[in-house]
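Below, each chain spelled out in residue letters.
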Amino acid sequence: MTLDAKPPKGYLRVGFPYEKTLGMRRLTNTPVQVLEAEDSGIRILCRGEGPCFIRHLTEEDEDLGGINLIDGNNNIADGYRVDADFVWPSAVAYDAQGNITISDEGNNTITTITLKGEVVGRWGVSGKGYGELNRPGSITYGPEGFLYVSDTYNHRVQIFQNDGSFVRSFGQFGNSDEDLNNPWGINVDAHGFIYVADWGNNRLQKFDSEGKLILSFGRLGDGDGEFNHPSGVTVDSDGDIYVTDWGNHRVQLFNAEGKFVEEFRGDSILSKQAKNYMITNIVAMRLREMTPIEPQKRLRWPMTTTMGSDGRLYIADYGSHRVQVYKKDIIALGENEIGDLMRSPTLYTQF
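In this text the structure is predicted, and so the values were computed from the model without any measurement.

Asker: Would you take a moment to explain unusual backbone geometry for this structure?
Answerer: With glycine set apart, most residues show a phi of negative sign, and most peptide bonds adopt trans. One non-glycine residue, Asp61, lies in positive phi territory at about 75 degrees. Here Asp61 is to be found in the loop between β5 (52-57) and β6 (63-70). Judged by its relative accessible area of 2%, Asp61 falls in the buried class. The phi torsion at Asn182 lies on the positive side, around 55 degrees, for a residue other than glycine. Structurally, Asn182 can be placed in the loop between β15 (166-170) and β16 (183-188).

Asker: It is not clear to me how the nonpolar core should be interpreted in this structure. Could you clarify?
Answerer: Side chains of nonpolar character tend, in soluble globular proteins, to be buried together. Counting residues in each nonpolar core, the largest one holds 18 residues, and the members touching the most others are Ile54, Leu69, Ile100 and Ile102. Within the residue set of this core, elements represented by two or more residues are β3 (31-36), β5, β6 and β9 (100-104). Ranked by residues supplied to this core, first place goes to β6 with three residues. Those residues within four positions of Ile100 in sequence are excluded, and the remaining contacts are Leu35, Arg43, Ile54, Ile67, Val92, Ala93, Tyr94, Thr111, Thr112, Ile113 and Leu115.

Asker: What is the right way to read the side chain of Ser103 from this model?
Answerer: Within the secondary structure layout, Ser103 lies in strand β9. Ignoring sequence-local partners within four residues, the contact set of Ser103 consists of Trp88, Pro89, Ser90, Ala91, Thr109, Ile110, Pro136, Gly137 and Ile139.

Asker: What is the right way to read the sheet that holds strand β22 (residues 250-254) from this model?
Answerer: Backbone hydrogen bonds are what pair the strands of a sheet, in a parallel or an antiparallel way. If you trace the four strands from one edge of the open sheet to the other, you get β20-β21-β22-β23, paired in antiparallel fashion. If you trace the sheet from one side to the other, it starts and ends with β20 (230-235) and β23 (260-264), each paired once. Taking the axes of each pair of neighbouring strands and ignoring which way they run, one obtains an average angle of 20 degrees across the sheet.

Asker: What's the story with the packing of aromatic side chains in this structure? I'm lost.
Answerer: Aromatic ring pairs are described here by two measures, namely the spacing of the ring centres and the angle between the planes. Inspection of the entire model under this criterion finds 15 aromatic pairs. Look at Tyr130 and Phe166: their rings are 5.5 Å apart centre to centre, the planes differ by 25 degrees, and that puts the pair in the stacked class. Of the two residues, Tyr130 is situated in the loop between β11 (119-123) and β12 (136-141) and Phe166 in strand β15; the sequence distance between them amounts to 36 residues. Look at Tyr130 and you get exposed, because its relative accessible area is 67%. Judged by centre distance (5.9 Å) and plane angle (65 degrees), the ring pair of Phe227 and Phe254 falls under edge-to-face. Highlighted residues: Phe227 in the loop between β19 (213-217) and β20 and Phe254 in strand β22, separated in sequence by 27 residues. For Phe254, a relative accessible area of 1% gives the class buried. An aromatic cluster of three or more residues is present, and its members are Phe16, Tyr18, Tyr242, Phe264 and Tyr326. When the ring centre of Phe86 is taken as reference, the NZ or CZ atom of Arg122 above it lies at 5.8 Å. One cation-aromatic arrangement involves Lys206 over Phe193; the distance from NZ or CZ to the ring centre is 4.5 Å.

Quick notes on the rules
Residues numbered from 1 in each chain as written. Predicted model: local features only at pLDDT ≥ 70, side-chain atom pairs only at ≥ 80, totals over all residues. Heavy atoms only, no water. Helix = DSSP H or I, 4+ residues; strand = E, 2+ residues; numbered from the N terminus. Buried < 20%, exposed > 50% of the residue type's maximum accessible area, 1.4 Å probe, protein only. Core = buried A, V, L, I, M, F, W, Y, C linked by side-chain atoms within 4.5 Å. Contact = heavy atoms within 4.5 Å. Pairing = 2+ DSSP bridges. Axes fitted to C-alpha atoms, helices over the stretch in contact; angles between N-to-C directions. Phe/Tyr/Trp six-rings, centres within 6.5 Å; stacked < 30°, edge-to-face > 60°. Lys NZ or Arg CZ within 6 Å of the ring centre and 35° of its normal.

Encoded structure:
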């Protein structure tokens, strides 16, 4: 849908089934975030105690190598190495040239590299003044090309030009409207609205481009629309909002008005890489045969979600060292294709 097109009157949500799993322990250790690759497949930011890298996988779960950010025992063999002093990389985003921008909450820097690991830009100063950073948790580029940073320990969102020039910021510590408490995940939609996963306040907030509050929902809990430290947010072209509910081990889906739609708790089977590994490891085969399968399917401490251009939802399943993939099936409905809103809706017929 183009920006000037008339929005749909409603949607037929056909389903959102689990499709597959990509990656495994030793290949995608502790995945933090997924980027859709420019040709096909995905790039995965993985960080743990020691190694940190960006792994490139095909949609068939074939390993295409990647980029080593920090030395460690599980570095990518024959992968590119970045000549930069990373400490604790926290998020990645593509710039307009297709380079990868990386935020580092360990040294309060923003670094941009090519797909071969060459540094083409690096900036960042520790502090609490305008343009200074204190544990930048997440980053994203907006439609105008600015970089939006969740300046987590400064309890605000800061906006920069690609070279690090400060543009503006909004937010302050607190729990009232427009306040933030350790904001983490951030996303900007095609219209310039800013979505923030307000980690410490257990809510999702939506702002306009100047930082004025538009929508807020959520509270501490484990029910529908409740959160336990939300760590990520993604918004797709239908206006649907995906909130990574880190402490509740799930992802929740809301419509554009913040109404709860459904949740994802994990349905994983073995990935192709994991299956091949298990077949060649008789001890691992026996351990899996002796262990209940049900809990192994579920998400554990998911960090972020990414919506691909083909409607695939990628969930960075941090605690299980993999990416779970779901496929959205939805139909936009026009003026004469769906009834008017009802005061007391009840779906009493199953199809």
